[in-house]
Amino acid sequence: MGAPTGSDRLLRRVVRDGGGWTVLLGAVALTGAAAELALPAALGLAVDAAVGGDGSLRWPAAACGLVAVLMVTDVLADVASGYGAARATARLRRRLLRHLFACDVRTVRRYPVGDLVGRLAGQAADAGQAGTAVVLGVVALLPPVGSVVALTLLEPLLGVTLLGGLALLAVLMRTFVTDASAAVAGYQRVLGVLAGRLLEALGGARTIAAAATVERERDRVLAALPELRGYGQLGWRLLARASARTAAVGPLLQVAVVAVGGYALTAGWLSPGQLVAAVQYAALGAGLGAVLATLNRLVRSRAAAGRIAEPLAHPVRPDGTEPLPPGRGELRLRGVGVRAEDGRPVLDGIDLTVPAGAMVAVVGRSGAGKSTLAAVAGRLHDPDVGEVLLDGVPLRRLSPPALRRAVGHAFDRPVLVGETVHDAVGLGLPAGSAPPPDGAAPATAAVLTAARAAQVADVVARLPEGFRTRLVDAPFSGGEAQRLGLARAFPAERLLVLDDATSSLDTATEHRIARAVAAGARGRTRLVVTHRATTAAAADLVAWLDGGRLRAVAPHRRLWADPAYRAVFAPDGATR
Amino acid sequence: MSGPGVRRTTWAALRARRRALGRLAAWSAVEALPALLGGVLVARAVDRGFLAGQFATGLAWLGGLALAVLVGAAATGQVYRSLGAVVEPFRDELATRVVHGALREATRAGGRADSAAVARLTHQVEVVRDTFGGLLLVVRGFLFAAGAALLGLLALAPLLAGAVAAPLAVGLAVFGASLPAMVTHQRAQVTAGERLGRSAASALAGHRDVVACGARERVVSAVDGRVAAQADAERTLARMAALRSLSIGVGSWLPVAVLLLAAPWLVRQGLSAGAVLGALVYVTTGLQPALHAVVQGVGGGGLRYAVTLGRILRTSPPDDPPPAAATAADPGGPPPAGTRAAPRTAAPAGGWAVELRGLTFRYGPQARPVLADLTLTVAAGEHLAVVGPSGAGKSTLAALVAGLVTPDSGSAHLAGVPVAGTPPDALARLRVLVPQEAYVRSGSLGDNLRYLRPDADDATVLAAVHALGAGALVNRLGGLDAALDPAALSAGERQLVAAARAYLAPASLVILDEATCHLDPTLEATVERAFARRGGTLVVIAHRISSATRARRVLVLDGDRPLAGTHDELLARSPTYRELVGYWEDAPPPARVPLSRA
């Protein structure tokens, strides 16, 4: 599906999402533009009436009426464009957010997080302006273009004068853009140096604090400041030159119009009132440059819509509807294959049965497909071919709640989600036990049990506010985060998939956790990806992956005789 | 609230640059020349030239106006230069403040290195720089242009000047009165945007985790709430923008209406056609654009200025009085409260290198202590390893000994000197702490190695390098004078550089806080043995249990029961130690490092 068509379709939808506000904006902006165009003529007639000694207040009143219309339309246009954009932006954000969470893990993983946040927070706002930009972009053209026409109707020479001046203005603006970029680039570069040094020093904060060299570091960071100021002042000088030019051109243009109009006045082609109108039209016409800014906004909206349409084009993953049959958590993979985006096989023809209640370790070199196997085993995404069954039911037929109650995942680098530590551990729990309890209890029973089993309850108890400590205030080490991630997966009832989830733990803690997992009264099935020989040795069976294929399934003791198997556990995959 | 702080800081910044401001005002006055003369000259050109049939005379008057425009344009250039002289020093001031604040917060006891400071430096300070310049520009532009237009009107028709000034004042008053509310709403909008960004970032970074936990609905609806709050804030801002438009309408369109309605009467009183035209020129080309610019400028950039500056001021408060003042008062005075709790024991012949008495530390008043009532002595010249499961408080212990955090109770002495109350530079002469995250900065390798001992000659530095087995690294990097790109080094190489730096430090006590965790076990052993031979006292916070087997004495931290002894004693007495060592030894081969005792 091509991005341009997607972005235009999305853009149309955004304009529609503005709803009544966009319609109101269009009506108001049109009325305002009409009043703006009529006003100079009315002013001219009013002046002529006054100068001519005509006591009638007809034209002055008409001009005042137009002024009143302008005031009202300005105010209404602000409200309509703001409300319309707010509504369209919010709808766009919701649509993108829901879509991303309806897609599977593999799809979303293609985008860096910062990039997606940029699309959701930044570009959605730009795209949400589409309605406003379209309406204002069209309507904003009317007054300047109408003025040139009006001026030419009043006196053709005046129209020519105005257009010539505008062309000159455009040329001058263009030269400034090229001049300033060098100064801006230099400024940005020095600013980057400053920021880089500050970041370095922040990274070494502990060393610096211990060595008492804060002042030395501060001077080092700020040493680039004079150079920065130099570039800054160069920028101001360039700006000074450019603005002197533009400051001359605009007013000179109006003087020229008055002069030409004055000639017409002397010759009797114009009345004084018409000269007034000409001056006003000249001022309106000079606003043609500003119209380009609104067009610019439309271009930006369109580009932003394209960025949002891209992730929206990915198909969502269909959810199943079936409940889980009785069972104790037997996991079966039948002919499972997964391909990377470039078509290279990541997993190929995997047939593996993990008996209910057993622990199977998955080992293999980096890139052997271990994490992919773990991901399809819990339906973080579906395999491209083959089927994964839990207690005889294909995972893709299970309803989401049934699936998540049955299967828990823990990861090498878990991302903790939520406001507080409690929320993070309770992420997979029902709404009743996920948030911290109201009373004095440190945590809900479910969260406390999980945290204890994952050997992390003591760590949390040492935080300033225990389980209620906000995640941003608790910088966890890799091992602590892993334990919280384990605690989060613990309530799963039938299958635990641990993807290198204890790699940062010391052996003592790892062993305590393994004991707690195995001792669970429910005797859950465990699929454990690991790099450690100790962990593989503790498993009932080892599934040895090599280049996306299952090379052997056997107990660790039996495989250990094979040097190729032992090499899997060598540091950095070194062979000997 | 940040309001008063913003006002005070702005005022101080302006007052400090009085001379540049004076220049700015002078050039602004010149710049306003066309605005001052425009209406009058047009009036004369029409009355005495064009309407009198004298085109040349009219053209001459307009020539005068063109001249005034050129002079004004030249002044506009000077205005920008003077503006730079006010704005650039202010940016320097703010950048200095942000850097000071960030480094102070990162290095104070219990402080946090917040990388958001970098965004403050590159983004927020720049926003303030731009908006401060813009604000000065529109405000003084309005004052001079509106002043000139009113003066010109006064010259043309004094009565009209009054009639025009009144609605202008009303418009400005409406705008001024709504400014505080606008600042508040603008701030709310910025905050709502940040909350949305944070909540979306957290949800999307955890997409895999959220899907794995089946928490899609919950997380999406939490972000939804932020989306709605943001839309609310946008709607409020739209209403504020409408209010701004209203004040512009009142201030700039009502004068036109007044003029039109009064014109017939004024003409009957003898006002010329040219004067009516001139008055319209003053209002529509002088007052209207100036008011438009100042209201939109203050309402847009000005609000961003107030909000962003307020944010910088809040996150980077001005320097506190230096803590040295407090500590200099009692160099040899009574020890701080809490030290009295446990009696100090008699020191061995060489003295205690480290002496901890009843040390307790916790992260908050409600929190369980990380270390409770810990008492420990390390004799001068001793080699101690600290082991324990992760999260047992090993790094906290290192920070307490080094004086980087303050204990809740108890005392720490280094070579008889109390850690509490000793200035940081004096502490730095007593001990050197090597943290896990090695600090290597861009510059030469030699500068990095001499960081703690600037006067060391090349031979001394190279001797340290070779003692630590870093010779190959130094050769690869191109010698001591080679420029170093920290990002190009691996974590292990960075740790090696930091270790060599600490090896050179004059301090006799060395604390390695998991400082060799990214080295391979062989190199780790080389480094630890080199430090043991260096002389002085060595405390190793161990990442691998093999570090314990090289130490003369081992401290096991686990929960609330610390236990110290030799390797053999601890094997007999500490279940945790057995667990740590036992599972290590149980591991099937390949264990490449023999666990022999050093």
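On a predicted model such as this, the values are computed, not experimentally measured, just so you know.

Participant: Before we move on, could you go through the overall build of chain B and cite the residues and values that matter?
Facilitator: Looking only at helices and strands, chain B has 20 helices and 12 strands in total. In terms of overall dimensions, chain B is more spread out than a globule: its C-alpha atoms have a radius of gyration of 36 Å, far above the 25 Å expected for 598 residues. Of all 598 residues assigned to chain B, the portion counted as buried reaches 51%.

Participant: Which residues make up the overall build of chain A, and what are the values?
Facilitator: Tallying secondary structure elements over chain A gives 22 helices and 10 strands in all. Taking 576 residues into account, the globule formula puts the C-alpha radius of gyration at 25 Å, and chain A, at 35 Å, lies well above it. Principal axes of the C-alpha set define a box for chain A whose edges measure 110 × 60 × 55 Å. When burial is assessed residue by residue, chain A has 52% of its 576 residues classed as buried. By sequence separation, contacts in chain A at least 24 residues apart represent 77% of the contacts at least 6 residues apart.

Participant: So what's going on with the sheet that holds strand β6 (residues 407-411) of chain A? Which residues, and what values?
Facilitator: Residue and element names in this part refer to chain A. Sheet architecture is open: 6 strands sit in the order β6-β7-β8-β3-β9-β10, paired in mixed fashion. At either margin of the open sheet sits one strand with a lone partner, and together these are β6 and β10 (549-554). Sheet twist, expressed as the mean angle between neighbouring strand axes with direction ignored, is 15°. Bridging between strand β3 (residues 359-363) and strand β9 (residues 541-546) involves 4 bridges; their strand directions are parallel. Of the residues in β9, the one forming a bridge with V362 is A543. Helix-sheet contacts for helix α18 (residues 478-489) involve β6 and β7 (495-499), and the interaxial angle to β6 is about 175°.

Participant: Break down the pairing of strand β2 (residues 345-354) of chain A for me, citing the residues and quoting the values.
Facilitator: Residues and elements named next belong to chain A. Two strands pair when backbone bridges link them, and strand β1 (residues 331-339) and β2 are joined in this way by 6 bridges, in the antiparallel orientation. If you follow R332 over to β2, its bridge partner there is T353. Connecting the antiparallel pair β1 and β2 is a turn made up of 5 residues, with G343 showing a positive phi of about 90°.

Participant: Summarise the environment of L243 of chain B; cite the residues concerned and give the values.
Facilitator: Note on placement: L243 of chain B falls in helix α8 (residues 216-268). When the C-alpha positions of L243 of chain B and G299 of chain B are compared, they lie 10 Å apart, and in sequence the two are 56 residues distant.

Participant: Any details on the sheet that holds strand β4 (residues 385-390) of chain A? Residues and values, ideally.
Facilitator: Residues and elements named next belong to chain A. Pairing is antiparallel in the open sheet, where 4 strands are placed in the order β2-β1-β4-β5. Both outer strands of the open sheet, β2 and β5 (393-394), are each paired with one neighbouring strand and no more. Note that β4 and β5 share 2 bridges and pair antiparallel. The residue of β5 that forms the bridge with L390 is V393.

Participant: Tell me about helix α16 (residues 491-504) of chain B, residues and numbers included.
Facilitator: The first and last C-alpha atoms of α16 of chain B sit 20 Å apart over 14 residues, in line with the 20 Å expected at 1.5 Å per residue. For α16 of chain B, the set of buried residues is R494, Q495, L496, V497, A498, A499, A500, R501, A502, Y503 and L504 of chain B.

Participant: How would you explain the interface of chain B and chain A if you had to name every residue and give the values?
Facilitator: The partner chain A presents 123 residues to the 131 residues of chain B that form the contact. A total of 29 residues in the side of chain B that touches chain A trace back to one element, the largest contributor, which is helix α4 (residues 55-107) of chain B. Residue composition of the side of chain B that touches chain A, by class: 83 nonpolar, 29 polar and 19 charged.

Participant: I'd love a proper account of the packing of helix α5 (residues 113-128) of chain A against helix α6 (residues 158-205) of chain B, names of residues and values included.
Facilitator: The geometry of α5 of chain A relative to α6 of chain B is characterised by a closest axis approach of 9 Å and an angle of 140° between their N-to-C directions. With respect to each other, α5 of chain A and α6 of chain B are oriented oblique. As α5 of chain A runs across α6 of chain B, the sense of the crossing is right-handed. Each of V113, L116, V117, L120 and A121 of chain A in α5 of chain A lies in contact with α6 of chain B, whose residues at this interface are G193, L196, G197, A200, A201, L204 and A205 of chain B. Along the lines of polarity and charge, the residues of the contact of α5 of chain A with α6 of chain B split into 10 nonpolar, 2 polar and no charged.

Participant: Which residues make up the packing of helix α5 (residues 116-156) of chain B against α6 of chain B, and what values do they have?
Facilitator: Viewed as axis vectors pointing N to C, α5 of chain B and α6 of chain B meet at an angle of 145°, and their least axial separation amounts to 5 Å. Facing L150, L153, L154 and L156 of chain B of α5 of chain B, the residues of α6 of chain B in contact are P158, L160, A161, V164 and A165 of chain B.

Participant: Lay out α8 of chain B in plain terms, naming residues and giving numbers.
Facilitator: Residues and elements named next belong to chain B. Spanning 53 residues, α8 covers 77 Å between terminal C-alpha atoms, matching the ideal 78 Å at 1.5 Å per step. Remark: the principal bend of α8, roughly 45°, maps to A262, with a proline, P264, within the next four residues. Of the residues trailing α8, G270 is marked for its positive phi of about 110°.

Participant: Go over the confidence of the model for chain B, please, and point to the residues and values.
Facilitator: Residues at a pLDDT of 70 or more form 91% of chain B, whose mean pLDDT is 86. Between residues 584-598 of chain B, whose pLDDT stays under 50, and residues either more than four places distant or in other chains, the model counts 22 contacts.

Quick notes on the rules
Residues numbered from 1 in each chain as written. Chains lettered and ligands numbered in written order. Predicted model: local features only at pLDDT ≥ 70, side-chain atom pairs only at ≥ 80, totals over all residues. Helix = DSSP H or I, 4+ residues; strand = E, 2+ residues; numbered from the N terminus. Rg over C-alpha atoms; globule rule 2.2 N^0.38 Å. Buried ≥ 20, exposed ≤ 12 C-beta atoms within 10 Å, placed from the backbone. Contact = placed C-beta atoms within 7 Å. Pairing = 2+ DSSP bridges. Axes fitted to C-alpha atoms, helices over the stretch in contact; angles between N-to-C directions. Expected span 1.5 Å × (residues − 1). Nonpolar A, V, L, I, M, F, W, Y, C, P; charged D, E, K, R; others polar. Parallel < 35°, antiparallel > 145°, perpendicular 65-115°, else oblique. Left-handed = near helix turned anticlockwise from the far one by under 90°. Bend = angle between axes of the 7 residues up to and from the residue. pLDDT = per-residue confidence, 0-100.

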